[in-house]
Number of protein chains: 2
Amino acid sequence: MATLARLHEQGFIDLVARLSRRSRVRPLIGIGDDAAALALPARTRVLVSTDLLADGIHFRSDRCPGLLLGRKAIAVNLSDIAAMGGAPHACVVAVGFPRRTPARYAADVARGLAQQARRYGVAIVGGDTCAARSLVLSVAVLGLVEKGRAVRRSGARVGDGLFVTGRLGGSATGLRLLQRGVRADENVRVRNTRMRPGLRPHVAAAIRRHLDPEPRVLVGRALGLTGIATAMIDLSDGLSQDLPRLCDASGIGAVVEEAAIPIDPAVGALLKGRAALGIAIAGGEDYELLFTASRDHEALIARLARRLRLPVARIGEVLPRRAGIRLLTRDGRYRSMRRGGFEHFRT
Amino acid sequence: MATLARLHEQGFIDLVARLSRRSRVRPLIGIGDDAAALALPARTRVLVSTDLLADGIHFRSDRCPGLLLGRKAIAVNLSDIAAMGGAPHACVVAVGFPRRTPARYAADVARGLAQQARRYGVAIVGGDTCAARSLVLSVAVLGLVEKGRAVRRSGARVGDGLFVTGRLGGSATGLRLLQRGVRADENVRVRNTRMRPGLRPHVAAAIRRHLDPEPRVLVGRALGLTGIATAMIDLSDGLSQDLPRLCDASGIGAVVEEAAIPIDPAVGALLKGRAALGIAIAGGEDYELLFTASRDHEALIARLARRLRLPVARIGEVLPRRAGIRLLTRDGRYRSMRRGGFEHFRT
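The structure reproduced in this document is the subject of the present report. These numbers come from a predicted model, not from an experiment.

**Let's talk about the overall build of chain A**
Next, step 1: When helices and strands are tallied, chain A shows 10 helices and 14 strands.
Next, step 2: At 20 Å, chain A has a C-alpha radius of gyration in line with the 20 Å of a compact globule built from 347 residues.
Next, step 3: C-alpha atoms of chain A, sized along the principal axes, occupy 65 × 55 × 40 Å.
Next, step 4: Within chain A, buried positions represent 61% of all 347 residues.
Next, step 5: In chain A, the proportion of contacts linking residues at least 24 apart, taken out of those at least 6 apart, comes to 85%.
Next, step 6: Of the charged side chains in chain A, 55 are positive and 31 negative, and the gap between their average positions amounts to 4 Å.

**Quick look at helix H4 (residues 170-179) of chain B**
Residues and elements named next belong to chain B.
Next, step 1: Most of H4 is tucked away: seven of the 10 residues are buried.
Next, step 2: Those residues of H4 that fall on the buried side of the exposure criterion are Gly-170, Ser-171, Ala-172, Thr-173, Gly-174, Leu-177 and Leu-178.
Next, step 3: Two residues or fewer past H4, Gly-181 is found with a positive phi of approximately 100°.

**Remarks on the packing of aromatic side chains**
Residue and element names in this part refer to chain A.
Next, step 1: One pass over the structure, following the stated rule, counts four aromatic pairs over all chains.
Next, step 2: Judged by centre distance (4.9 Å) and plane angle (75°), the rings of Phe-12 and Phe-97 are edge-to-face. Placement of the pair is Phe-12 in helix H1 (residues 9-19) and Phe-97 in strand S3 (residues 87-97), with a sequence separation of 85 residues.
Next, step 3: Among the residues examined, Phe-97 registers a relative accessible area of 0% and is labelled buried.
Next, step 4: Seen from the ring of Tyr-334, Arg-326 lies directly overhead, with NZ or CZ sitting 5.2 Å from the centre.

**Quick look at the interface of chain B and chain A**
Next, step 1: Of the residues lining the interface, 66 residues belong to chain B; the matching set on chain A comes to 66 residues.
Next, step 2: Regarding the contact of chain B and chain A, the summed buried area is about 5600 Å², with carbon and sulfur atoms giving 59% of it.
Next, step 3: Linking chain B with chain A are eight salt bridges.
Next, step 4: Close ionic contact of Asp-55 of chain B with Arg-133 of chain A constitutes a salt bridge, the shortest N to O distance being 3.7 Å.
Next, step 5: Those elements that place two or more of their residues in the side of chain B that touches chain A are strand S1 (36-38), strand S2 (44-54), helix H2 (66-82), strand S3 (87-97), strand S4 (123-131), strand S5 (136-146) and strand S9 (229-234) of chain B.
Next, step 6: With nine residues, the single largest contributor to the side of chain B that touches chain A is S2 of chain B.
Next, step 7: Partitioning the side of chain B that touches chain A into residue classes produces 36 nonpolar, 13 polar and 17 charged.

**Things to note about the sheet that holds strand S11 (residues 289-293) of chain A**
Residue and element names in this part refer to chain A.
Next, step 1: The seven strands lie next to each other as S9-S11-S6-S12-S10-S13-S14, forming an open sheet whose pairing is mixed. Strand pairing shows two members of the sheet lacking a second neighbour, strand S9 (229-234) and strand S14 (334-336), which therefore form its edges. Ignoring strand direction, the axes of neighbouring strands in this sheet form an average angle of 30°.
Next, step 2: Sheet topology places S9 next to S11; five bridges connect them, and they run antiparallel. In the strand pairing of S11, Met-232 is matched with Phe-291.
Next, step 3: Contacting strand S6 (161-165), S11 and strand S12 (312-320), helix H10 (residues 298-308) crosses the sheet at an angle of about 150° to S12.

**Brief notes about the side chain of Thr-292 of chain A**
Residue and element names in this part refer to chain A.
Next, step 1: In this fold, Thr-292 is placed in strand S11.
Next, step 2: Under the relative-accessibility criterion, Thr-292 is labelled buried at 0%.
Next, step 3: A polar contact is formed between the side chain of Thr-292 and the side chain of Thr-230, at a distance of 2.6 Å.
Next, step 4: Those residues in contact with Thr-292 that lie beyond four places of it in its chain are Ala-156, Asp-160, Gly-161, Leu-162, Ile-228, Ala-229, Thr-230, Ala-231, Leu-246 and Val-318.

**What to know about helix H5 (residues 200-211) of chain B**
Next, step 1: Helix length check: H5 of chain B (12 residues) gives 16 Å between terminal C-alpha atoms against 16 Å at 1.5 Å per residue, within 8%.
Next, step 2: When H5 of chain B is considered as a whole, its buried residues turn out to be Val-203, Ala-204, Ala-206, Ile-207, Arg-209, His-210 and Leu-211 of chain B.

**Focus: the nonpolar core**
Where a protein is soluble and globular, its nonpolar side chains tend to be buried together.
Next, step 1: Counting residues in each nonpolar core, the largest one holds 52 residues, and the members touching the most others are Phe-12, Leu-69, Leu-113, Ile-124, Leu-135, Leu-137 and Ile-207 of chain A.
Next, step 2: For this core, the leading source of residues is helix H2 (residues 66-83) of chain A, giving nine residues.
Next, step 3: Grouped together as the second largest cluster of nonpolar side chains are 50 residues, Ala-35 of chain A together with Leu-47, Phe-59 and Val-93 of chain B included.

**Here we look at the sheet that holds strand S13 (residues 325-328) of chain B**
Residues and elements named next belong to chain B.
Next, step 1: Taken together, the seven strands give an open sheet; going across it, the order is S9-S11-S6-S12-S10-S13-S14, and neighbouring strands pair in mixed fashion. The strands lining the two open edges of the sheet, one partner per strand, are S9 and strand S14 (334-336). Between one strand axis and the next, the sheet turns by 30° as a mean value, whatever way the strands run.
Next, step 2: Strand direction decides the pairing type here: strand S10 (residues 252-257) and strand S12 (residues 312-320), joined by five bridges, are antiparallel. If you follow Ala-254 over to S12, its bridge partner there is Val-318.

**Remarks on the relation of the copies chain B and chain A**
Next, step 1: Superposition record for chain B on chain A: RMSD 0.0 Å, screw rotation 180°, translation along axis 0.0 Å. Such values leave the two copies arranged in the relation of a two-fold axis. Considering only C-alpha atoms, the residue of chain B closest to the rotation axis is Ala-42 of chain B, which sits at 2.8 Å.
Next, step 2: Counting the interface residues of chain B, we find that 100% of their copies in chain A are interface residues as well, pointing to one common contact surface.

**Let's talk about the pairing of S13 of chain B**
Residues and elements named next belong to chain B.
Next, step 1: Because side chains alternate across S13, one face comprises the buried residues Ile-325 and Leu-327, and the other comprises Arg-326 and Leu-328, none of which is buried.
Next, step 2: The sheet contact formed by S10 and S13 spans four bridges and is parallel. Looking across to S13, one finds that Val-255 is bridged to Arg-326.
Next, step 3: Judged from the three bridges that link them, S13 and S14 form a sheet pairing that is antiparallel. Along S14, the bridge assignment pairs Arg-326 with Ser-336.
Next, step 4: Between S13 and S14, which follow one another and run antiparallel, lie five residues, and Gly-332 among them has a positive phi close to 80°.

**Overview of the environment of Arg-118 of chain A**
Next, step 1: Its location among the elements puts Arg-118 of chain A in helix H3 (residues 103-119).
Next, step 2: We classify Arg-118 of chain A as partly exposed; its relative accessible area is 30%.

**Digging into the pattern of salt bridges**
Residue and element names in this part refer to chain A.
Next, step 1: Tallied over the full model, the rule gives 55 salt bridges over all chains.
Next, step 2: One salt bridge in this structure joins Glu-288 and Arg-216, with 2.8 Å as the shortest N-O distance. With Glu-288 in the loop between helix H9 (273-282) and S11 and Arg-216 in the loop between helix H5 (200-211) and helix H6 (217-225), this residue pair connects regions lying 72 residues apart in the sequence.
Next, step 3: Using a relative accessible area of 14% as the deciding quantity, one classes Arg-216 as buried.
Next, step 4: Residues participating in the shared-partner salt-bridge network are Arg-119, Arg-209, Glu-214, Arg-216, Asp-264, Asp-286 and Glu-288.

Quick notes on the rules
- Residues numbered from 1 in each chain as written.
- Chains lettered and ligands numbered in written order.
- Predicted model: local features only at pLDDT ≥ 70, side-chain atom pairs only at ≥ 80, totals over all residues.
- Heavy atoms only, no water.
- Helix = DSSP H or I, 4+ residues; strand = E, 2+ residues; numbered from the N terminus.
- Rg over C-alpha atoms; globule rule 2.2 N^0.38 Å.
- Buried < 20%, exposed > 50% of the residue type's maximum accessible area, 1.4 Å probe, protein only.
- Contact = heavy atoms within 4.5 Å.
- Lys, Arg positive; Asp, Glu negative; His and termini not counted.
- Charge placed at Lys NZ, Arg CZ, Asp CG, Glu CD.
- Phe/Tyr/Trp six-rings, centres within 6.5 Å; stacked < 30°, edge-to-face > 60°.
- Lys NZ or Arg CZ within 6 Å of the ring centre and 35° of its normal.
- Buried area = accessible area lost by both parts, 1.4 Å probe.
- Salt bridge = Lys/Arg side-chain N within 4 Å of Asp/Glu carboxyl O.
- Nonpolar A, V, L, I, M, F, W, Y, C, P; charged D, E, K, R; others polar.
- Pairing = 2+ DSSP bridges.
- Axes fitted to C-alpha atoms, helices over the stretch in contact; angles between N-to-C directions.
- Polar contact = N/O pair within 3.5 Å; in protein donor to acceptor, adjacent residues only side chain to side chain.
- Expected span 1.5 Å × (residues − 1).
- Core = buried A, V, L, I, M, F, W, Y, C linked by side-chain atoms within 4.5 Å.
- Least-squares fit on C-alpha atoms with pLDDT ≥ 70 in both.

In structure tokens, the structure reads:
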């Protein structure tokens, strides 16, 4: 089997460059020099973010097809730009491959990176490929946002509604299925599941949510440009961790209505009621957007959601800080929301 | 011993933020939101580059003090901006730490990152810290360069002189010393060497070149702004690999005079003649700048070198492509220059 040891260091990044040539953004200087050079439009702000995916932590290379890994590395970065209301513009990719990596796997990763970048009109303008003990992909992305239009975590006001795009819990459910031995190819065709045929589409849907998340770029942009969102964050670590972050940054509290949390239909089909709700609250990596907006904008948000064909649910309300972060249960009681999402470094 | 498992994920990057607060560049939005936001001056070009350092490949965490590792991760990225004639502006840092990493080591890395960024007036505006199987540091840097002033690898013209800043071979010599068991602390005080006292300063100097390289930002900027450099590249993989890259990009050949290659005094002191020359030619990670310039500018370059107190040597000349890349030996013979530097993935 051909391994990366036979591939010249420059080979991988040249492959990415070749595959992503048709991007809409044209750098003045692209891959192949010491740095890329970009001419950015005047009067816009430049957003910068970085996210690293490490084998054994964020993914398992033996379970994650290379194509989807490449796509995800771009997607999780675009999600950060989306959460600021920005338009992703260009990115650089640093990849460390163990020497034993099959050349085919590396080529699939390159294809996934290029495909996702092209899909969102982002140019891959530079990169670094090297050997590493364990597979890592680090992407840094540049986005553009109009002056004064970046949506911060800190702008939520008491009385604002609390909204979430899409549906929650799918990604964490997909991860559990993978951990239990279900496997999927790069088209997310599911193998070796013993579930009954009626559940299989849900299995595939959950695994797709985990392996191939969609950054909410369009809705993030719309919420930012229109000024609808007063604060926004992407749900990378789960509602129970990311909501407290938004609350801390804004100096507010919040109440979330259990009954209003939009649970991914795959989660509903595969897990029982309480477990489904739990994973929708504490599960990470849905990459949906959590935002706050004035009550006056509720109708506007509903119209936007219909237009973009993406559900947006009002899940609660912003309270004064002293109220803390509460969950209103279906039987009308309040409980405090635990920070229970995925945390690295936890012992 | 406290390990990172006890440090909250956000802790590391908050520490970096706290340590680098006094940077000259002030982002509109810094660390702590989904992305940073920058207001960049109009009419400049934005340079972007990324470089990843992986444990066991680019460094060994058991031999490289955390402070110096943090500094180096920034330095190697700044070197790419320097090679374009740009001014480094801001960077983002993604770090993957094994769970067993001592908290002290991580704090040292944070200190090194912040220290180096501050030294070069660069803002650390974002980051991602996560667990990883093996320690990796990935930095992406943004630089600014005036319109039309970016120095590419491709602008060398036949008849141009070939120049190199500083002195070569020190870093590769330092690496060999580390491989042979010499150890240094974060102040590059050398331990357990059995060399005679007269050689010890050279040992320390070589190890410093390897563990704590200085990006040539100032001279790169001067060579770009003045238009002196027609093509430029930083010597990360060694003259014998980086010169061919510059030649390929410019479609030229070159002759290098052995006698003109500036050998690091530490190398001269520690190695014999041929070996010293060999390591100056093929050794990597000196992070000096290799550039071409018209002969008319030779006096100007000498003046610039004196002013910046950095030696700049004319080591050869640009030839037509068909001449290939030759080395003129001390005894007046020509030999073809092998690509003999450090290459990843080589079996």
